[in-house]
Amino acid sequence: MAPVATNLPAESGAAGDWKIDQPGFAQRLRAGEGAAFELLVREQTPRLMAVIGRLLGQDSDTSDALQDTFMRIFQNIEQFAGEARLSTWIHRIAVNSALMKLRKQSRRDEVSIDQLLPAFDGHGKLRYEHLSPWKSPETVTDLVLRREMKQQVRRQIDRLPENYRTVLILRDIEELDTEETARLLEIQPGAVKTRLHRARLALRALLEPLLQGDEP
Amino acid sequence: MTCKEFVDFMMTYLDGELPEAERARFEAHLKDCTCCLHFMETYRQAVAMGKKCHNCEEDGQTLSSNVPEHLIQAILAARRRPTPD
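An account of the accompanying structure is given in this report. (Residues numbered from 1 in each chain as written. Chains lettered and ligands numbered in written order. Predicted model: local features only at pLDDT ≥ 70, side-chain atom pairs only at ≥ 80, totals over all residues. Heavy atoms only, no water.)

Across its full length, chain A holds ten helices and two strands. By the burial criterion, 52% of the 216 residues in chain A qualify as buried. The long-range share in chain A, meaning contacts at least 24 apart out of those at least 6 apart in sequence, stands at 72%. Accessible area for chain A stands at about 10200 Å²; split by element, carbon and sulfur atoms hold 48% of it. (Helix = DSSP H or I, 4+ residues; strand = E, 2+ residues; numbered from the N terminus. Buried < 20%, exposed > 50% of the residue type's maximum accessible area, 1.4 Å probe, protein only. Contact = heavy atoms within 4.5 Å. Areas by Shrake-Rupley, 256 points an atom, 1.4 Å probe, with all protein chains shown as cover.)

Right under this line is the structure:
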């Protein structure tokens with residue numbers, strides 16, 4: 001099992017107004033107070049299920065990784081140094097549990113990355129035909145606010161090859177920085193940057209029909 | 001700068017991390033090549049759509065009414081069980 005991070009940046013992770021971040025709460029957990037554990041589980045389960053679900057893919061079973069997450073929180077609460085918010089610390093544990101589960105999971109139906117990267121001619125000229133002007137940023141924001149459109153974008157993200165999809169989710173959705181993503185995936189920061197760029201290029205290709213005004 | 005180099009540098013440029021000399025070459029290419037201009041705009045939009053398709057707070061709220069009580073109880077029961085050495 002990968003070690004639990006104790007030296008997280010103080011302000012990393014999605015901010016939320018959580019009861020578990022109130023002063024003294026971690027101490028109640030360290031003291032083994034049952035009511036504090038129950039509050040932690042009830043308050044954080046929906047959020048952690050969502051984090052795990054994003055990493056495992058749509059319609060995945062999140063319960064194993066969720067239970068693993070809480071077991072690791074219970075077992076390692078003594079290691080929580082209080083430098084980051086407690087909610088940030090447990091977010092990282094959930095990400096780690098989801099990644100471990102992902103490594104054991106069978107591969108999904110995914111598209112080869114090479115099919116999704118841009119093509120160039122022998123002189124390095126981009127082979128790209130744009131059929132219509134791009135949409136304004138407001139139009140893109142309006143589009144993605146529609147529930148069915150969010151589902152379509154998520155489905156396209158799920159089609160990315162696993163190594164690329166994971167980096168895209170950790171960096172662009174979970175908002176982890178390059179170094180932390182590298183640490184969690186046990187790869188070099190340079191590899192994170194390369195994979196992120198390729199994942200975004202591939203996502204661009206998958207979303208192109210949508211960006212050109214057609215359905216993907 | 002070729003289109004290929006342009007595409008390679010695109011993320012670094014958009015992150016504001018491209019060194020000045022490269023940035024000047026990049027922007028000169030951007031001015032001359034409508035193909036790359038269009039490509040970069042759609043790249044930028046795809047990234048924005050990817051980031052916005054999950055609203056972390058909203059995902060959690062959607063799930064909050066669907067968490068099965070037996071799952072909560074199983075997690076709490078697991079904490080109470082002594083861990084094997």
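From this point, the narrative continues.
Most often, soluble globular proteins have nonpolar side chains that are buried together. Judged by nonpolar contacts, the single largest core of 86 residues is most densely connected at A:L40, A:F70, A:L86, A:L126 and A:I157. When we break this core down by domain, the ones giving at least three residues each are domain 1 (19-104) and domain 2 (113-211) of chain A. Apart from residues lying up to four places away in sequence, A:L126 is in contact with A:P118, A:A119, A:F120, B:C3, B:V7, B:C35, B:C36 and B:F39. (Core = buried A, V, L, I, M, F, W, Y, C linked by side-chain atoms within 4.5 Å. Domains from an automatic or database assignment.)

What follows covers the packing of aromatic side chains. Summed over the entire model, instances satisfying the criterion amount to six aromatic pairs over all chains. Seen in terms of ring centroids, B:Y13 and B:F26 are 4.2 Å apart; in terms of plane orientation they differ by 20 degrees. Their pairing is stacked. On the criterion of sequence distance, the pair formed by B:Y13 in helix 1 (residues 3-14) and B:F26 in helix 2 (residues 20-32) is long-range, its members being 13 residues apart. The exposure class of B:F26 is buried, given its relative accessible area of 0%. Through pairs of rings, three or more aromatic residues link up here, namely A:F37, A:F70 and A:F74. (Phe/Tyr/Trp six-rings, centres within 6.5 Å; stacked < 30°, edge-to-face > 60°.)

Moving on, we get to the packing of helix 2 (residues 34-56) of chain A against helix 5 (residues 69-80) of chain B. At a minimum axis separation of 10 Å, helix 2 of chain A and helix 5 of chain B run at an interaxial angle of 135 degrees. By the criterion of interaxial angle, the relationship of helix 2 of chain A to helix 5 of chain B is oblique. For the crossing formed where helix 2 of chain A meets helix 5 of chain B, the hand is right-handed. Judged by residue contacts, A:G34, A:F37, A:E38, A:V41, A:R42, A:T45 and A:M49 of helix 2 of chain A engage B:E69, B:L71, B:I72, B:Q73, B:I75, B:L76 and B:R79 from helix 5 of chain B. (Axes fitted to C-alpha atoms, helices over the stretch in contact; angles between N-to-C directions. Parallel < 35°, antiparallel > 145°, perpendicular 65-115°, else oblique. Left-handed = near helix turned anticlockwise from the far one by under 90°.)

What follows deals with the interface of chain B and chain A. Contact residues are listed per partner, giving 44 residues for chain B and 53 residues for chain A. Across the interface of chain B and chain A, roughly 4700 Å² is buried in total on both sides, 73% from carbon and sulfur atoms. It is B:H38, B:M49 and B:R79 that lose the most area in chain B upon contact with chain A, and together they represent 15% of the buried surface on that side. Scanning the region where chain B abuts chain A turns up one salt bridge. (Buried area = accessible area lost by both parts, 1.4 Å probe. Salt bridge = Lys/Arg side-chain N within 4 Å of Asp/Glu carboxyl O.)

Right, let's get into helix 5 of chain B. For an α-helix, the turn length of 3.6 residues means that residues three or four places apart are oriented alike. Its twelve residues place the ends of helix 5 of chain B 17 Å apart at the C-alpha level, agreeing with the 16 Å of an ideal helix rising 1.5 Å per residue. Residues of helix 5 of chain B that are buried: B:L71, B:I72, B:I75, B:L76 and B:A78. Along the axis of helix 5 of chain B, the buried positions cluster into a sector of 155 degrees, meaning they face one direction only. The exposed set on the far side of helix 5 of chain B, more than 90 degrees from its buried face, consists of B:H70 and B:R80. Check the buried side of helix 5 of chain B and you find it contacts helix 2 and helix 3 (63-76) of chain A. (Expected span 1.5 Å × (residues − 1). Arc of directions from axis to C-beta.)

Moving on to unusual backbone geometry. All names here are of chain A. The phi angle at E175 is positive, at roughly 60 degrees, despite the residue not being glycine. By secondary structure assignment, the location of E175 is in the loop between helix 8 (162-173) and helix 9 (178-185). The class of E175 is exposed, set by a relative accessible area of 54%. At E186, a residue that is not glycine, the phi angle is positive and equals roughly 55 degrees. Within the secondary structure layout, E186 lies in the loop between helix 9 and helix 10 (189-211). E186 sits in the exposed class, given a relative accessible area of 63%.

Residues and elements named next belong to chain A. Most of helix 9 is tucked away: six of the eight residues are buried. Taken together, the buried positions of helix 9 are T178, E180, T181, A182, L184 and L185. Packing partners of the buried residues in helix 9 comprise helix 4 (86-104), helix 8 and helix 10. Capping the start of helix 9 is the job of one residue whose side-chain oxygen sits 3.3 Å from the backbone nitrogen of E179: D177. Just past helix 9, the residue E186 takes up positive phi, approximately 55 degrees. (Polar contact = N/O pair within 3.5 Å; in protein donor to acceptor, adjacent residues only side chain to side chain.)

In this section: the environment of B:G50. Among the secondary structure elements, B:G50 is positioned in helix 3 (residues 34-52). The contact partners of B:G50, leaving out residues within four places of it in the chain, are A:V153, A:I157, A:I173 and A:L203.

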